[in-house]
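An overview of the molecular structure
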Amino acid sequence: MRTFWALPLRRQLLLAIPLLLVPVIVAAVWSVLETRRERIADLGEEAESVGRTTAAYLARDVAIVDQAAAQIAATPELRSFDSGGLVELLARVDTRSEMLAGFSLVRIDGTVVAAQGIRAESPPHQWSGAGAGTTGRIVLPMRTSPNGIRVIPFVYPIGDDSGRVVAARDTA
């Protein structure tokens, strides 16, 4: 058998070029896969950072809504179901914050006592009953208001002096 160097130059090239290309192709494939893995890791870190930031902003916004609801709950107009006083109070609160689309006070039987701003499109009795069995905030699924704005309703049950739930505040 003849040695590699004894072969004609053309045959040497036909044998050597593929043998030299194999390591180059392997290195290129490894580089592409490594770059892809690093990019996926970077995107995962970025997504986690965006998620944490969004969660922090949402937590702050929910705390603001909770604070506004607590302030409204502490007013005498709410305890006495004074419609005129509540409409005026809700108008003042609603205009202070851009993230609050509206407020509603609904008795447990579904009667709207007062409302200001955007209300969810579903009838109030569907969510006023949801507040009857709890004392904490209830977050309902996102809905679309009649004028096309997406809102996330928060329901806060209102109790009487005995602790029985008699109404619910809807904050969107």
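Residues numbered from 1 in each chain as written. Predicted model: local features only at pLDDT ≥ 70, side-chain atom pairs only at ≥ 80, totals over all residues. Heavy atoms only, no water.

**Topic: the overall build of the protein**
Counted only if it meets this: The helix and strand labels rest on DSSP assignments: H or I over at least four residues marks a helix, E over at least two residues marks a strand, and numbering proceeds from the N terminus. We call a residue buried when its accessible area falls under 20% of the maximum for its residue type, exposed when it is over 50%, and partly exposed in between, using a 1.4 Å probe and counting protein chains only. Pairs of residues are marked as contacts when any of their non-hydrogen atoms sit within 4.5 Å. The method behind every accessible area is Shrake-Rupley, applied with a 1.4 Å probe, and residues are considered shielded solely by the protein chains displayed.
Helices and strands together make up the secondary structure of the protein, namely four helices and seven strands. Starting at the N terminus and ending at the C terminus, the protein contains elements arranged as α-α-α-β-β-α-β-β-β-β-β. Out of the 172 residues belonging to the protein, those deemed buried represent 30%. If you take every contact in the protein between residues at least 6 apart in sequence, the share linking residues at least 24 apart comes to 41%. Carbon and sulfur atoms make up 61% of the accessible area of the protein, which totals about 11,300 Å².

**Regarding the confidence of the model for the protein**
Condition: Within a predicted model, pLDDT stands for the predictor's per-residue confidence, ranging from 0 to 100.
This prediction gives the protein a mean pLDDT of 78; 78% of its residues lie at or above 70. Model confidence for the protein, summarised as mean pLDDT per element, is weakest for helix α4 (residues 124-128) at 48 and strongest for helix α1 (residues 9-73) at 91. Note on residues 120-125: pLDDT is under 50 here. Beyond four places in sequence and across chains, it has 10 contacts.

**A few points about a nonpolar patch on the surface**
What counts is decided by this rule: For patches, a residue must show more than 30% relative accessible area and have no salt bridge; joins then use 9 Å for like charges and 5 Å for nonpolar side chains, namely Val, Leu, Ile, Met, Phe, Trp and Tyr. One side-chain nitrogen of Lys or Arg within 4 Å of one carboxyl oxygen of Asp or Glu is enough to make a salt bridge.
A grouping of Leu9, Leu13, Ile17, Leu21, Val24, Ile25, Val29 and Leu33 is seen on the molecular surface, where their side chains present a nonpolar patch of about 760 Å² in accessible area. By secondary structure assignment, the location of leucine 21 is in helix α1. Looking at leucine 21, the relative accessible area reads 43%, which means it is partly exposed.

**Topic: the pairing of strand β2 (residues 112-117)**
What counts is decided by this rule: The pairing criterion is simple: DSSP has to find at least two bridges between the two strands.
Note that strand β1 (residues 102-107) and β2 share five bridges and pair antiparallel. The residue bridging serine 104 from the neighbouring strand is alanine 115, located in β2. Two successive antiparallel strands, β1 and β2, enclose a turn made up of four residues, where glycine 110 displays a positive phi of approximately 100 degrees.

**Let's talk about the pattern of salt bridges**
Overall, the coordinates contain four salt bridges when judged by the stated rule. Where arginine 39 meets glutamate 46, a salt bridge forms, and the shortest distance between an N and an O atom there is 3.9 Å. Between aspartate 61 and arginine 60 there is a salt bridge; the shortest N-O distance is 2.9 Å. A relative accessible area of 46% means that arginine 60 is categorised as partly exposed.

**A short note on the nonpolar core**
As a rule of thumb, soluble globular proteins bury nonpolar side chains together. As a reminder of what qualifies: Put simply, a nonpolar core is a bunch of buried Ala, Val, Leu, Ile, Met, Phe, Trp, Tyr and Cys residues held in one set by side-chain atoms that sit within 4.5 Å of each other.
Counting 18 residues, the largest nonpolar core has Ile72, Leu78, Leu86, Val93, Leu100, Phe103 and Leu105 as its most contacted members. Only α1, α3 (83-96), β1, β2 and β6 (154-159) provide two or more residues apiece to this core.

**Observations concerning the side chain of glutamine 12**
Turning to its location among the elements, glutamine 12 is positioned in helix α1. Residue classification places glutamine 12 among the buried positions, given a relative accessible area of 11%. Not counting residues up to four positions away in its chain, the partners in contact with glutamine 12 are Phe4, Trp5, Ala6 and Leu7.

**So, the pairing of β6**
Burial analysis of β6 places five of its six residues in the buried class, which makes it a mostly covered element. Of the pairings in the sheet, the one linking strand β3 (residues 138-139) to β6 comprises two bridges and is antiparallel in character. Each bridged residue has a counterpart across the sheet, and for valine 139 the counterpart in β6 is phenylalanine 154.

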